[in-house]
Amino acid sequence: MAGAPYRRQTPSSAGQEATSLLEAWCNTLLKLSILTLIVAYGYYAWAIIGGYLSRPVDARIMSNLHLMGLALTVAGGVGTLCLILLTLDEVAWTVLAGLVGAGMLFGTPVLIASYSRGAQSASVAVVSHYTALAGEVMLGLVLLRVLYEIGVYVRTGPRTKLQEEKDAEKLRRKGAITAKLWARCWDMPYCHESVRDECPAYKARKTCWRFGYGCMCHPRMIEAMIRASTQGATAVAKARQADYVRSDLSADAALKPDERTIPCTKCAVFTEHQRQKFRIINPLVIVGIVVGLIVGYKPVMVLYAAFVALLSRLAARFTLSDQVNPAEWFRYLDSPTVRIFFYVIVGTLLLAYVLKAVEYLILTKKWI
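A brief structural summary. All figures in this text were calculated on a predicted structure; none of them were measured in a lab.

Once that is clear, we can look at the overall build of the protein. Scanning the protein for helices and strands turns up 13 helices and zero strands. The order of helices and strands in the protein, counted from the N terminus, is α-α-α-α-α-α-α-α-α-α-α-α-α. Taken over 368 residues, the protein has a buried fraction of 39%. In the protein, once contacts between residues fewer than 6 apart in sequence are set aside, the share between residues at least 24 apart is 75%. When the accessible surface of the protein is totalled, it reaches about 22,000 Å², and 64% of it is carbon and sulfur.

Structure below.
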């Protein structure tokens, strides 16, 4: 009996199978990690709120606290990593995992200060240690993901479907890629060589966005490009093409001989000019933010210390027991390691959002 024909596995199909397998494993591990996080932190919350840690505990309970702490840390790290791999196209989901980590890091001392009476007990110290460790691991992975996003953003610029289509068109055009950092309009891939010598901006040696119009918006030049593109066609085809261009230009409103058909904000040449401007301004913004973060470290740390003190005072005000000193359980948040960690996280998020704002102002709104 003849067997099924053997099909040789191509590298592309092997890569797709590996990707699918990785996604399946990440999905499974993410679900297990979420379940473990809920169980482990729920155990801690139950022990704190129920008052079980306000009195000395035996070795069995202490062992359980260590076990749950390890499970919380591992689940937090593995779950965050799997979420990063599954949502590489959208960094917002990773930031959500960071919020969960920050909640454990800063929220647990509130629970301890509110419900635990044995402020110096070893069991509470174990809970504080593992919740802080799990939160730091999750925030650390989120930090790496955001840094990767910023690195790709700086290296390639914002990627949109429209831009990918334009890049593909540039690759199809001869001599499309220019090495100039600050090119003039006639050096760009969207300037049509067939009508360049007739372009008033080119003749005046002024870029079209400064001159007022060019090959992308001048009615006569658009007709000239169409005629150049129909060389070799029949007279009937040329006439039909010219009639089509004229009817298209006058479809919405009658145009004066030198009136632009589109504003600069919709012009591919001007959009490329904005992208060049973005590539120049972006590194300057990054350097400025880094310098600002270095200079502002001490003032921000003063605000951070005031924030931790505020949390301690709020916990002292709303705690249900007068035998608790909340400052004891907020003290580790003001350590040098946590301060630097917090500052790096905040600085990275600030950098990411400022770069998005620059992109919006230059490429979307074209206000700069």
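A full pass over the atoms with the stated rule returns five salt bridges. Residue R339 pairs with D334 through a salt bridge whose shortest N-O separation is 3.5 Å.

Moving on, we come to the environment of F330. If you trace the backbone, F330 turns up in helix 12 (residues 327–330). Between the alpha carbons of F330 and S312 there is a distance of 6.4 Å; along the sequence they are 18 residues apart. Not counting the four nearest positions on each side in its chain, F330 is found in contact with P109, V110, A113, V308, L311, S312 and A315.

One way to put it is that helix 2 (residues 59–86) packs onto helix 3 (residues 92–115) with a least axis distance of 9 Å and a crossing angle of 165°. Between helix 2 and helix 3, the crossing angle belongs to the class labelled roughly antiparallel. Two packed elements cross with a definite hand, and for helix 2 against helix 3 that hand is left-handed. Counted together, L72, T80, L83 and I84 of helix 2 and W93, T94, A97 and M104 of helix 3 form the full contact between these two elements.

Let us now look at the packing of aromatic side chains. Think of a pair of aromatic rings as described by two things: how far the centres are apart, and how the planes are tilted against each other in angle. Inspection of every chain in the model, using the stated rule, returns eight aromatic pairs. On the numbers, 5.6 Å between centres and 80° between planes, the contact of F211 with Y213 is edge-to-face. For F211, a relative accessible area of 30% puts it in the partly exposed group. An aromatic cluster is defined as three or more aromatic residues linked by ring pairs; in this entry it consists of Y43, W46 and Y52. For R205, the ring lying beneath its charged end belongs to W186, and the centroid distance is 5.8 Å.

The next point concerns helix 3. Taking 1.5 Å as the rise per residue, helix 3 with 24 residues should run 34 Å; its terminal C-alpha atoms sit 34 Å apart, in good agreement. Considering bend angle alone, the principal kink of helix 3 is centred on G107 and spans about 35°; proline P109 follows within four residues of it.

Topologically, C264 is positioned in the loop between helix 9 (235–249) and helix 10 (268–295). Each C-alpha atom of the pair C264 and G212 lies 8.6 Å from the other, and the pair is 52 residues apart in sequence. Every residue in contact with C264, bar those within four places of it in the chain, is listed here: W209 and F270.

Topologically, T73 is positioned in helix 2. Overall, the relative accessible area of 14% leaves T73 in the buried class. Ignoring anything within four residues of it in the chain, the contact list for T73 reads Y130, L133, A134 and V137.

Reading the values: rules and limits
Numbering of residues starts from 1 in each chain and follows the order in which that chain's sequence is written. Thresholds applied to this predicted model are a pLDDT of at least 70 for local features of residues and 80 or more for the giving and counting of side-chain atom pairs; totals over whole chains, interfaces and linings are not thresholded and use all residues. Computation of side-chain values: all heavy atoms of the structure, hydrogens and water removed. In this text, helices come from DSSP runs of H or I with a minimum length of four residues, and strands from runs of E with a minimum of two, each type numbered from the N-terminal end. For every residue, the accessible area (1.4 Å probe, protein chains only) is compared with the maximum for its type, and the residue is labelled buried under 20%, exposed over 50%, or partly exposed between those bounds. The contact definition used throughout considers only heavy atoms, calling two residues in contact when any of these lie within 4.5 Å. Calculation of accessible area relied on Shrake-Rupley with a 1.4 Å probe; when residues are assessed, cover is drawn exclusively from the protein chains displayed. By definition here, a salt bridge exists when the distance from a side-chain nitrogen of Lys or Arg to a carboxyl oxygen of Asp or Glu is within 4 Å. Axis lines are fitted through C-alpha atoms, for helices just across the contact stretch, and the angle between N-to-C directions can take any value from 0 to 180 degrees. By the definition adopted for this analysis, an angle is roughly parallel if under 35 degrees, roughly antiparallel if over 145, roughly perpendicular if from 65 to 115, and oblique otherwise. It is the rotation of the near helix from the far one that decides the hand of a crossing: anticlockwise by less than a right angle makes it left-handed, clockwise makes it right-handed. Stacked, edge-to-face and tilted labels apply to pairs of Phe, Tyr and Trp rings (six-membered ring for Trp) whose centres lie within 6.5 Å, assigned for plane angles under 30 degrees, over 60, and everything in between, in that order. Whether a charge lies above a ring is judged from NZ of Lys or CZ of Arg, which has to be within 6 Å of the ring centre and within 35 degrees of the ring normal. Here the expected span of a helix is defined as 1.5 Å times the quantity of residues minus one. A residue's bend is the angle separating two fitted axes: one through the seven residues that end there, the other through the seven that start there.

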